[in-house]
Amino acid sequence: DVKVTQSSRYLVKRTGEKVFLECVQDMDHENMFWYRQDPGLGLRLIYFSYDVKMKEKGDIPEGYSVSREKKERFSLILESASTNQTSMYLCASWVGPFSTEAFFGQGTRLTVV
Amino acid sequence: ELKVEQNPLFLSMQEGKNYTIYCNYSTTSDRLYWYRQDPGKSLESLFVLLSNGAVKQEGRLMASLDTKARLSTLHITAAVHDLSATYFCAAGPPKGGNYQLIWGAGTKLIIKP
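Note that the structure is predicted; figures quoted are calculated from it, not measured.

A. Local environment of the state of the cysteines. On inspection of all chains with the given rule, the structure shows 2 disulfides over all chains. Bridging A:C23 to A:C91, the disulfide has an S-S length of 1.9 Å. One quick way to see it: the torsion about the S-S bond of A:C23 and A:C91 is about -75 degrees, and its sign makes the bridge left-handed. Highlighted residues: A:C23 in strand β3 (residues 19-25) and A:C91 in strand β9 (residues 87-94), separated in sequence by 68 residues. Pair check on accessibility: A:C23 and A:C91 agree, each one buried. Between the sulfur of B:C23 and that of B:C89 lies a disulfide, 2.0 Å long from S to S.

Put into C-alpha cells, the structure is as follows:
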C-alpha cells in the first residue's frame, strides 16, 4: 500500500558534501513537492514539479536543486551541504485539486555535521 | 497571494473536553485539506473538503468548510489522549496559480489524561 517512498529515513552528511534525496511515487501523479520542516516554522516549500523535466522554485530554493527525469521520481539535491540545512525533508505527491489529498513520504531527517 | 493562518498554534486540553481549531485563508480557494502529524513522523491525510458547506467526520474529529468566510474548522469532541498530535490545514491551489498547496503553521495539540 506504499504510495510515496523516500530513499532514506535518516541521513548524516558532512559540510560541503553533495547530497541526494530521492522520492518515488507509484500513483502516476503529475505534481511532486519537496518541503523542509523545522520546529516552529511549519512546512516550507523548496521546489515543486508539475511534469517531467518541469520545476518551479518554492519559498526557499537557495542551496537546493531538483531533478525530475521520470514522472515517478523527484530528487532533491543539496549542492554543498551546510549545517543550516539540517532538517526534516518531506516529499509529497498530488494528482491535483480535483478530488484527493496529497500523499507524503515518510520523511528524511538530515543532519549535516 | 494565498495565505493560510491557523489558530491556536498550541493547545493543551483535558481528555473529555471539546475544542475547535480554526483555519483562515486569505484569497479564494475552493479546497481545504486537514492533516495530522505525530512526533517524528510524516503527514497523514485526515479530511479533504472540496466545496462550500462540506462537512466530514471521522470518529471524534469533524471538519467543515465555509468558502464565503474563507474559514475551515476542525472540531474535536470528547478528546482522548490518542488525538495528541500536530494538525495542519492546507488550502489550494490559489486561483490562477500552479498546483501547489499553501500550508498553515500547524496546531500542536496535547491532550492530558
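B. Region of the structure containing a nonpolar patch on the surface. A cluster of nonpolar side chains, namely B:L9, B:F10 and B:I110, defines an oily patch on the protein surface of about 280 Å² accessible area. Tracing the sequence through the fold places B:F10 in strand β2 (residues 10-14).

C. Representation of the interface of chain B and chain A. Between chain B and chain A, the contact holds 20 residues from the first and 24 residues from the second. The contact between chain B and chain A buries some 1800 Å² in all, and 59% of this surface belongs to carbon and sulfur atoms. Remark: the boundary between chain B and chain A carries 0 salt bridges. At the level of secondary structure, the elements contributing two or more residues to the side of chain B that touches chain A comprise β4 (32-37) and β5 (43-49) of chain B. Residue composition of the side of chain B that touches chain A, grouped by class: 11 nonpolar, 7 polar and 2 charged.

About the thresholds
By convention here, each chain's residues receive numbers from 1 onward along its written sequence. To label them, take the chains in the order written and letter them from A, then take the ligands in the order written and number them from 1. Given that this is a predicted model, residues contribute local features only at a pLDDT of at least 70 and side-chain atom pairs are listed and counted only at 80 or more, while totals for whole chains, interfaces and linings are drawn from all residues. Calculated side-chain values reflect all of the structure's heavy atoms, with hydrogen atoms and water omitted. The disulfide criterion is simple: two cysteine sulfur atoms within 2.5 Å. Starting at the N terminus, helices and strands are each numbered in turn, a helix being any DSSP run of H or I of at least four residues and a strand any DSSP run of E of at least two. The cut-offs for exposure are 20% and 50% of the maximum accessible area for each residue type, with area from a 1.4 Å probe on protein chains only; residues under the lower value are buried, those over the upper are exposed, and the others partly exposed. Within this analysis, patches are made of residues with over 30% relative accessible area and no salt bridge. Like charges are joined at 9 Å or less; nonpolar side chains (Val, Leu, Ile, Met, Phe, Trp, Tyr) at 5 Å or less. Only the protein chains shown count as cover for residues, and all accessible areas are computed by the Shrake-Rupley method using a 1.4 Å probe. Salt bridges are defined by distance alone: a side-chain nitrogen of Lys or Arg within 4 Å of a carboxyl oxygen of Asp or Glu. We call two residues contacting when some pair of their heavy atoms lies within 4.5 Å. Here the quantity called buried area is the accessible surface, traced with a 1.4 Å probe, that two parts lose on coming together, added over both. Basically, the charged four are Asp, Glu, Lys and Arg, the nonpolar ten are Ala, Val, Leu, Ile, Met, Phe, Trp, Tyr, Cys and Pro, and anything else, Gly included, counts as polar.

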